[in-house]
Amino acid sequence: MRKSRSAEPHRGVPGAAAGAVGALAFLLLWELAARAVGSEIVLPSPPRVARAAAELFPTVRFLAALEGTFLRGILAFGISLAAGAAVGLVCGLSPVLASALSPALTVIRATPVLAVILLALIWFPSGAVPVFAAVLMAFPVVVADVRQGVRSADPGLLEMARLFRLRKRDRIRSIYVPALAPYLASASHGALGLCWKVVVAGEVLSQPARALGTGMQGARIQLETAEVFAWTLAGILLCALTDAAFKLAQRKVPRALLPS
Amino acid sequence: MPYSLRDIRKSYGNLSVLDGFSLDLAEGKVTAVLGPSGCGKTTLLNILAGLVPPDSGELQGLSESRFSYVFQEPRLVPSLTALENVELVLRAVFGSPERRDRALSLLAAVGLSGSAGLRPRQLSGGMRQRVSLARAFAYPADILLLDEPFQSVDLRTRIGLMDAFLDLQTADPRTVVFVTHEVKEALYLGDRVVVLSDKPARILDRKELLLPRNRRRFGSSDLSDVEAAIYRLILG
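Owing to the predicted nature of the structure, the values given are computational and were not obtained by experimental measurement.

Trainee: For this particular structure, what's the right way to read the overall build of chain B?
Mentor: Across its full length, chain B holds 7 helices and 9 strands. Along the longest, intermediate and shortest principal axes, the C-alpha atoms of chain B span 50 × 40 × 30 Å. Of all 236 residues assigned to chain B, the portion counted as buried reaches 52%. A separation of at least 24 residues holds for 71% of the contacts in chain B among residues at least 6 apart in sequence. Working note: accessible area of chain B is about 10,100 Å², and carbon and sulfur atoms make up 47% of it. With 30 positive and 28 negative side-chain charges, chain B shows a separation of 4 Å between the mean positions of the two kinds.

Listed below in structure tokens is the structure:
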């Protein structure tokens, strides 16, 4: 049988080499675009951004902002994961509750993130706005994936569980949890990326103390475009590092989820 | 009779599967229900187990009963070992030490002592079905339902599985309903054989098998008269 082609990035040395070539090509294009524009305020060159980052990153102001954003992102991720998994599990087990919650989830999913942030600005203190907005954006993603995971449970095993009168907690632990583990992993991955983006966007508008978004906005007001790029780079690195940590943890978690 | 079905009717849309069907179950005996594929044997088991409600009719002594089921496929939880799969169905019934002892003893009875720690993907098809048999007998059921559980394996494995079932049944006799379309299986395992027609299933005949099971051999001619009579019924 012919093997199907995968769109997954190639791993190993050829993959790393291709990645390095791609990154270099991107930097080259950026440099060429910056030269074509000819204005550091509109589009600073990569070396100018690197200098701005080198100056910014060791400062106390930056490290405090990084810590603040990190804590908000992790808090938002934790809340959306816990609440989304619980609601997704309930929706997966009960079609009636799933139908009852469907309109609310549809409204949340369809609401533009900026509208959520603007409303949150009215309701909450500035530090809580990014967390609220991120939870509201990531929560439906987790609910949908977990619900799908619960529904993917083997109907033959569920019938067996019904016949042998398995307790609900045994059904959840032995049948539902292993079925939804890959969906939960996918939901967590998506929610984590979404949380960073929305937290930083919320910070840009709500301007809390100690926040990457606040630093970004301050640099923009002062037309320090290279510094805006440096703050953005910090956000990207934060996202990439937590993504890598998540993938590392993911290799361990499914075993821990399985009953001993 | 402690367990019986009376005048059961069941249809799926316009398709009548059971129409006025009645059956008594002999306690501690194996009732082999023999019928053509798709005649409604699985529907009959599902009604007995309470998985499917009949459209009308009466179930006697069944509503309070506990059921064990050996399915056509083993239906083991992939993430659990053979031992954990057996223990899983005992969690609500027994405490931890008794549960483990019972599960280990049943796995030993089906010849899987050395494989208790293996997961289903590490077992052969025949071994998986042995775990399913051990699970069914470990569970303290009043009635054991077997839905053509010996069909998806080769002949040698099938005979081994049937012998494992007979050993378990001899050691701990259960009220068993065993549905199959294989005449030889019904004659090897049954205390009596109920022959069904095609849909809607009705009982064509009942045969009491008086030859002791320990004197039967799979495929032998010991019950050739009964076998010939059954073939005449089935083939008209």
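Alright, that's what it looks like, and here's the rest.
Trainee: Which parts of the structure should I look at to understand the nonpolar core?
Mentor: Within soluble globular proteins, side chains that are nonpolar generally end up buried alongside one another. Counting residues in hydrophobic clusters, the biggest one holds 129 residues, and the most contacted among them are B:Leu48, B:Leu107, B:Leu145, B:Phe165 and B:Val193. When residues of this core are assigned to their parent elements, the largest contribution, 12 residues, is made by helix H8 (residues 168-206) of chain A. Split by domain, this core shows at least three residues from each of two domains, domain 1 (23-54 + 61-65 + 142-226 + 232-236) and domain 2 (76-141) of chain B. Setting aside residues no more than four positions away along its own chain, B:Leu107 makes contact with B:Ala82, B:Leu83, B:Val86, B:Leu112, B:Ser113, B:Ala116, B:Val131 and B:Ala134.

Trainee: What's the story with the side chain of A:Gln217 in this structure? I'm lost.
Mentor: All names here are of chain A. By secondary structure assignment, the location of Gln217 is in helix H9 (residues 212-221). Residue classification places Gln217 among the buried residues on the basis of a relative accessible area of 16%. Within polar-contact distance, the side chain of Gln217 engages the side chain of Arg220 at 2.9 Å. If we skip the residues at most four places from it in the chain, Gln217 touches Val204 and Gln207.

Trainee: Before we go on, may I ask you to explain H8(A) in this structure?
Mentor: The periodicity of an α-helix, 3.6 residues per turn, causes residues three or four places apart in sequence to face the same way. With 39 residues, H8(A) should cover 57 Å at 1.5 Å per step; its first-to-last C-alpha distance of 44 Å lies more than 12% under that length. The largest bend along H8(A) reaches roughly 50° and is located at A:Val177, with the proline A:Pro178 sitting one to four residues downstream.

Trainee: In this structure, what is going on with empty space enclosed by the protein? I would like to understand it.
Mentor: Space left empty within the atom packing is revealed by a probe, the size of a water molecule, rolled over the atoms. All names here are of chain B. This structure, assessed with the given rule, holds 2 cavities of 30 Å³ or more. Here the largest cavity is characterised by a volume of approximately 110 Å³. What lines the largest cavity is simply Lys184, Leu187, Tyr188, Arg216, Arg217, Phe218, Gly219, Ser220, Asp222, Leu223 and Glu227. Among the elements that line the lining of the largest cavity, the one with the most residues is helix H6 (residues 183-189), at 3 residues. By residue class, the composition of the lining of the largest cavity is 4 nonpolar, 2 polar and 5 charged.

Trainee: Got a minute to help me understand a nonpolar patch on the surface in this structure?
Mentor: Residue and element names in this part refer to chain A. Residues Val113, Leu114, Leu118, Leu119, Leu121, Ile122, Trp123, Phe124 and Leu205 make up a contiguous nonpolar surface patch of about 820 Å² in total accessible area. Ranked by residue count, the leading element in the nonpolar patch is helix H5 (residues 113-123), at 7 residues. In this fold, Leu119 is placed in helix H5.

Trainee: Would you mind going over the environment of A:Leu63 with me for this structure?
Mentor: Residues and elements named next belong to chain A. Summarising the element assignment, Leu63 is placed in helix H3 (residues 60-93). Leu63 gets classed as partly exposed once you look at its relative accessible area, which sits at 46%. If we ignore the near neighbours within four places in the chain, the residues touching Leu63 are Phe57 and Pro58.

Trainee: So what exactly am I meant to see when it comes to the domain arrangement of chain B here?
Mentor: A common way to report how large an interface is uses the accessible area buried once the components associate. Residue and element names in this part refer to chain B. Along its sequence, chain B is carved into domain 1 (23-54 + 61-65 + 142-226 + 232-236) and domain 2 (76-141). Contacts between domain 1 and domain 2 engage 14 residues on the former and 14 residues on the latter. Across the domain 1 to domain 2 interface the summed buried area is about 1,200 Å²; carbon plus sulfur atoms make up 71%. When the buried surface of domain 1 facing domain 2 is broken down by residue, Leu161, Leu168 and Arg174 rank first, second and third, together holding 47% of it. For the interface between domain 1 and domain 2, the tally reads 0 salt bridges. Taken together, domain 1 and domain 2 are joined by 4 residue pairs in polar contact (both at pLDDT 80 or more). For the side of domain 1 that touches domain 2, the class distribution of residues is 8 nonpolar, 3 polar and 3 charged.

Analysis parameters
- Residues numbered from 1 in each chain as written.
- Chains lettered and ligands numbered in written order.
- Predicted model: local features only at pLDDT ≥ 70, side-chain atom pairs only at ≥ 80, totals over all residues.
- Heavy atoms only, no water.
- Helix = DSSP H or I, 4+ residues; strand = E, 2+ residues; numbered from the N terminus.
- Buried < 20%, exposed > 50% of the residue type's maximum accessible area, 1.4 Å probe, protein only.
- Contact = heavy atoms within 4.5 Å.
- Areas by Shrake-Rupley, 256 points an atom, 1.4 Å probe, with all protein chains shown as cover.
- Lys, Arg positive; Asp, Glu negative; His and termini not counted.
- Charge placed at Lys NZ, Arg CZ, Asp CG, Glu CD.
- Core = buried A, V, L, I, M, F, W, Y, C linked by side-chain atoms within 4.5 Å.
- Domains from an automatic or database assignment.
- Polar contact = N/O pair within 3.5 Å; in protein donor to acceptor, adjacent residues only side chain to side chain.
- Expected span 1.5 Å × (residues − 1).
- Bend = angle between axes of the 7 residues up to and from the residue.
- 1 Å grid on protein atoms, 1.4 Å probe; cavity = no way out; pocket = protein on both sides within 12 Å on 5 of 7 lines; lining within 4 Å.
- Points joined across faces, edges and corners; volume = space filled by probe spheres on them.
- Nonpolar A, V, L, I, M, F, W, Y, C, P; charged D, E, K, R; others polar.
- Patch = residues over 30% accessible without salt bridge, like charges linked within 9 Å, V, L, I, M, F, W, Y side chains within 5 Å.
- Salt bridge = Lys/Arg side-chain N within 4 Å of Asp/Glu carboxyl O.
- Buried area = accessible area lost by both parts, 1.4 Å probe.

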